[in-house]
Amino acid sequence: IIKSISALEILDSRGNPTVRTYVTLEDGTKSVASVPSGASTGQNEAIELRDNEKRYNGTGVQNAVNNVNTEIANALIGKNASDQKLIDYTMIELDGTDNKSRLGANAILGVSMAVAKAAAESANLPLYSYLGGTNAVRIPVPCMNILNGGEHADNSVDFQEFMLVPHGAPTFKEGLRYVAETFHTLKGILKNKGMATSVGDEGGFAPNCSSNEEAIELIIEAIQKANYKPGIDLSIAIDSAANSFSPNLDGNYDLSWSGLGKMKTVDLLEKSAEWIEKYPIILWEDPVSEGDWDGYVDFTKRFGNKIEVVGDDNFVTNTKYIKKGIELGACNSALIKLNQIGTVTESIEAVRMCREAGWRYFLSHRSGETEDTFLADFAVAMDGGHLKTGSACRGERIAKYNRLLEIEHELKGRSEYRWK
Ligand code: PGA
Ligand code: ZN
């Protein structure tokens, strides 16, 4: 039974305000959860409430905090914390909008996560078992973002994220080692070439490559130099985040950053075909922009039997859009970001919809994060097989990887690790 709920304005990994929420139960259990924040957002994401006042250049979250401390607390105190659905739908109804714009998805999600943590603690279960049951023993393959472009870096790479996928490793612990070693090897290669080794928002390097191909080739060089086999031990995943080079979010693209110039969906797909042919690419997220549904369908028709095609900005973890994608055959996987939809229950519903359609789903952090490790437990609970939570540096990313190491250790011989 919930005794108290309160919130605090804290900072995320980019130094922007976000919401931290505290929940206390009648039995004395206490929990805390912090909400992440994206930069390359989809248009239909649930709304983060920002104060629009002078402080923090308008990004303060005092109104969201206030909504937790008053309206939300009043509505939930006395309710059963182990009824996650009731808690989440009570907040959704209280908010009354279809994008959580009145109370703020940042206010609602913090409470949703903190309640789940408190209920787990109170039931004496680790969060992953509480949310996923005793069969939740699969540790996700860490798709590590090691090279950044697009909106996450100031260089001439159009695509936002290049990830290393250690699908050939026997365990999570080994997989994490493969990618961390390759990360350090890449750093050495960049240094030797006189390229920058500063990192982007998610901890990946952001060198000034002259093209997207150069970025991929540097990664392959690093994989080999670290003594791994490209395509066997480690493959590559790309998040184009194509919204960021599609000014009208339609079938027109502007890849001028990397010198490829303006192109239509068909040309972009031709380029993608070349890369998929040439490089060990295993997963591609948002290859086209969110309004280009035909583009998603064509891309999936063409490459979907070979690679995982993930929708992020088009689906925004919302069953309404995932359903449309399933009907159209746009993508064969959905990105799952808790704060895109704003409650734990709705995120689980999105996962369930993917599962029922035979789709995969890819658990994800945001580019603005905190030290909260909810995502690590959630990924194990959802049995999705893979997650992305940044690079082998930056504490807010490492916190999730360390939590996954801990879960694998805790499960002793019972843990599983496999790509599919
Ligand atoms: P974001 O980026 O958190 O800045 O939205 C992550 C992504 O596009 O997957
Ligand atoms: Zn994305």
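Right above here is the structure, for reference.
Quick look at the structure, then.

Thresholds applied
Residues numbered from 1 in each chain as written. Chains lettered and ligands numbered in written order. Predicted model: local features only at pLDDT ≥ 70, side-chain atom pairs only at ≥ 80, totals over all residues. Heavy atoms only, no water. Helix = DSSP H or I, 4+ residues; strand = E, 2+ residues; numbered from the N terminus. Rg over C-alpha atoms; globule rule 2.2 N^0.38 Å. Buried < 20%, exposed > 50% of the residue type's maximum accessible area, 1.4 Å probe, protein only. Contact = heavy atoms within 4.5 Å. Areas by Shrake-Rupley, 256 points an atom, 1.4 Å probe, with all protein chains shown as cover. Lys, Arg positive; Asp, Glu negative; His and termini not counted. Charge placed at Lys NZ, Arg CZ, Asp CG, Glu CD. Donors = N, O, S within 2.8 Å, 3.2 Å for Na, K, Ca; no water. Near = heavy atom within 4 Å. Polar contact = N/O pair within 3.5 Å; in protein donor to acceptor, adjacent residues only side chain to side chain. Phe/Tyr/Trp six-rings, centres within 6.5 Å; stacked < 30°, edge-to-face > 60°. Core = buried A, V, L, I, M, F, W, Y, C linked by side-chain atoms within 4.5 Å. Expected span 1.5 Å × (residues − 1).

Comments concerning the overall build of the chain
Right, on to step 1. Across its full length, the chain carries 13 helices and 14 strands.
Right, on to step 2. Taken over the C-alpha trace, the chain has a radius of gyration of 21 Å; the compact-globule value for 420 residues is 22 Å, and the two agree within 12%.
Right, on to step 3. The dimensions of the chain, computed from C-alpha atoms along their principal axes, are 60 × 50 × 40 Å.
Right, on to step 4. The 420 residues of the chain split such that 62% are buried.
Right, on to step 5. Of all intrachain contacts in the chain linking residues separated by at least 6 positions in sequence, the fraction that spans at least 24 positions is 69%.
Right, on to step 6. Working note: accessible area of the chain is about 15800 Å², and carbon and sulfur atoms make up 47% of it.
Right, on to step 7. A gap of 3 Å separates the mean positions of the 44 positive and 58 negative side-chain charges of the chain.

A short note on the coordination of the zinc ion (ligand 2)
Right, on to step 1. Every protein donor of the zinc ion (ligand 2) is listed here as Asp239 (OD), Glu285 (OE) and Asp312 (OD), and their distances to the metal cover 2.0 to 2.2 Å.
Right, on to step 2. In terms of primary sequence, the donors binding the zinc ion (ligand 2) are separated according to D-x45-E-x26-D. Remark: Asp312 occurs in the loop between strand 11 (308-311) and helix 9 (319-328) and Glu285 occurs in strand 10 (residues 281-285); sequence separation between them is 27 residues. Taken as a pair, Glu285 and Asp312 share a single burial class, namely buried.

Some thoughts on the site of ligand 1
Right, on to step 1. Near ligand 1 there are 15 residues, and of these Ala39, Gln160, Arg366, Ser367 and Lys388 occur at the shortest range.
Right, on to step 2. The backbone of Ser40 places a nitrogen or oxygen atom 3.0 Å from an oxygen atom of ligand 1.
Right, on to step 3. Within the contact set of ligand 1, an oxygen atom lies 3.1 Å away from a side-chain nitrogen or oxygen of Asp239.
Right, on to step 4. In the complex, 100% of the free accessible area of ligand 1, which totals 280 Å², lies under the protein chains.

Quick look at the packing of aromatic side chains
Right, on to step 1. Summed over all chains, the structure comprises 14 aromatic pairs.
Right, on to step 2. Summarising the aromatic geometry, the rings of Trp275 and Trp284 are spaced 6.3 Å apart at their centres and angled 25 degrees between planes, so their arrangement reads as stacked. Just as Trp275 is buried, Trp284 falls in that class too.
Right, on to step 3. Through a chain of ring-to-ring contacts, three or more aromatic side chains come together here, namely Phe159, Phe162, Phe245, Tyr253, Trp275, Trp284, Phe299 and Phe303.

Some remarks on the nonpolar core
Right, on to step 1. By size, the foremost hydrophobic cluster in this structure holds 132 residues, and its most contacted members are Ile72, Phe162, Trp284, Leu363, Phe374 and Phe378.
Right, on to step 2. When residues of this core are assigned to their parent elements, the largest contribution, 11 residues, is made by helix 3 (residues 105-122).
Right, on to step 3. Those residues in contact with Phe162 that lie beyond four places of it in its chain are Met144, Asn145, Ile146, Leu147, Val157, Asn212, Ala215, Ile216, Ile219, Ala237 and Ile238.

Quick look at the side chain of Ser272
Right, on to step 1. You can see Ser272 is positioned in helix 7 (residues 265-278).
Right, on to step 2. Residues contacting Ser272, with those up to four places away along its chain left out, are Trp284, Phe299 and Phe303.

Quick look at helix 11 (residues 344-356)
Right, on to step 1. If you check helix 11, its first and last C-alpha atoms are 18 Å apart, about what 13 residues at 1.5 Å a residue would give, namely 18 Å.
Right, on to step 2. Restricting attention to buried positions, one finds in helix 11 the residues Val344, Thr345, Glu346, Ser347, Ile348, Ala350, Val351 and Cys354.

As for the environment of Ala334
Right, on to step 1. Relative to the helices and strands, Ala334 resides in strand 12 (residues 333-336).
Right, on to step 2. Between the alpha carbons of Ala334 and Pro140 there is a distance of 15 Å; along the sequence they are 194 residues apart.
Right, on to step 3. Each residue touching Ala334, except ones within four places of it in the same chain, is listed here: Val310, Gly311, Phe315, Ile322, Cys354, Trp359, Arg360, Tyr361 and Phe362.

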